[in-house]
Structure formats: structure tokens, C-alpha cells
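Take a look at the letters that make up each chain.
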Amino acid sequence: MRAAAVDRKTKETDISVTFNLDGTGQAEISTGIGFFDHMLEAFARHGFFDLICKVEGDLQVDGHHTVEDTGIVIGQAIQQAVGEKKGICRYGSFILPMDDALVLCAVDLCGRPYLNFQCTFPGERVGGLDTELVREFFYAVSYSAGMNLHLKMLDGHNSHHIIEAMFKAFAKALDQAVSAESRVSGVLSTKGSLG
């Protein structure tokens, strides 16, 4: 089973994540930010990942540390669960529509972190989540997981729909990237390694 459990505690956050790449889409999420919980539940459900994420953060300051640090820990869990990356597709991409929103996500589990995030949000907040923190989350995931991650808004005017399309597109692209590919011997790289 490709799964990982990661705990991280700082003066700003206390986070525990259990992540299973080969799950059924079950999620137990508690971050203290309702809309962020909803997005992580959508990520698990649409990627068929099992995700338990318990977060206590300094929300009396703002949501930044909670969202960013959750991204760090989820990224670490993804990296650990993927392991040596033998026999997987490595790449994944998805274009996901949600009402007015259309979002492209592409993932390369190459071991070299990079985020290309092209999106503007009409609103400054959705529920209790500052929309500017969406980029911080995906930046943290991409760098701690060691993945090349591209997220591009192709259309949209509703911040809720745009953000939800991003999380769902990321789930679908990651699910594709970690899927088994019988034609791959070792890792899918001319270098012979991914790291």
C-alpha cells in the first residue's frame, strides 16, 4: 500500500496527515477553515485518495500559516507515499470544468519542484479562506513533494468555482501521474532516476 503518515509541529501549527494514494476517496479533514476543509475533501474524493488531515493553527493571526503548513505536510506525505516512483506514469494532466470556471492542471513527479500558477480571483475571500492563500498552498505542496505543478485558469468569474476546479483538477492529474504503467521498467526517465 502506497501510504504515508507525517506529523509537523511548530510554534504556529500542529499538523497530522495520513495519506493513501490507493484509497477510495475517504477524507477526515479539520483545519479550522471551513472552505479549506471542503477543498481538501474534494481533492481526496476526486483523486480517490484517503486523507486524514488534522490541523491546529494560529488562526487568531490569520490563515496563512495553517494553509501553507498544511501544504508542506501534504506534499511530504505525497512524496513519501509515491516512494521510488517505479512503474508509474509520472505525468498527469486534466482540464476540469466547474460551471463558469475552467482550469488546467499538469503534474510531473520528476523530483524537481516548480510551480507555475496563473490565476486571478475576483474575490478576496471565499468563506474563511483568503484567496491569495490558494497559491501558497500549491506552492508548498509542489516544493515539499518535489513535483513540477502547473495550474492555469482558462476561464471563470466565480472565486469559489475557480478554486474548487483547481483542487479537483489537481486531484485528477495527480491520480493519473501516480497510476501504474505496465510498460515502464523502473522509472520513466532517460536518466534512470527521478529525484
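Here the structure is a predicted model, which means the values were calculated and not measured. (Residues numbered from 1 in each chain as written. Predicted model: local features only at pLDDT ≥ 70, side-chain atom pairs only at ≥ 80, totals over all residues. Heavy atoms only, no water.)

Engineer: Outline the overall build of the chain, listing residues and values.
Structural biologist: Within the chain one finds four helices and 10 strands. From first element to last, N terminus to C terminus, the chain shows the α and β order β-β-β-α-β-α-β-β-β-β-β-α-β-α. For 195 residues, the compact-globule estimate of 2.2 N^0.38 gives 16 Å, and the C-alpha radius of gyration of the chain, at 16 Å, lies within 12% of that figure. Reported as C-alpha extents along the three principal axes, the dimensions of the chain are approximately 50 × 40 × 30 Å. For the chain, the proportion of its 195 residues judged to be buried stands at 51%. A sequence separation of at least 24 residues applies to 77% of the contacts in the chain between residues at least 6 apart. (Helix = DSSP H or I, 4+ residues; strand = E, 2+ residues; numbered from the N terminus. Rg over C-alpha atoms; globule rule 2.2 N^0.38 Å. Buried < 20%, exposed > 50% of the residue type's maximum accessible area, 1.4 Å probe, protein only. Contact = heavy atoms within 4.5 Å.)

Engineer: Explain the pairing of strand β10 (residues 148-155) to me, and be specific about the residues and the numbers.
Structural biologist: With seven bridges connecting them, strand β6 (residues 101-108) and β10 associate as antiparallel partners. Along β10, the bridge assignment pairs A106 with H150. In this structure, strand β7 (residues 114-118) lies alongside β10, joined through five bridges in parallel fashion. By the bridge assignment, Y114 is partnered in β10 with N148. (Pairing = 2+ DSSP bridges.)

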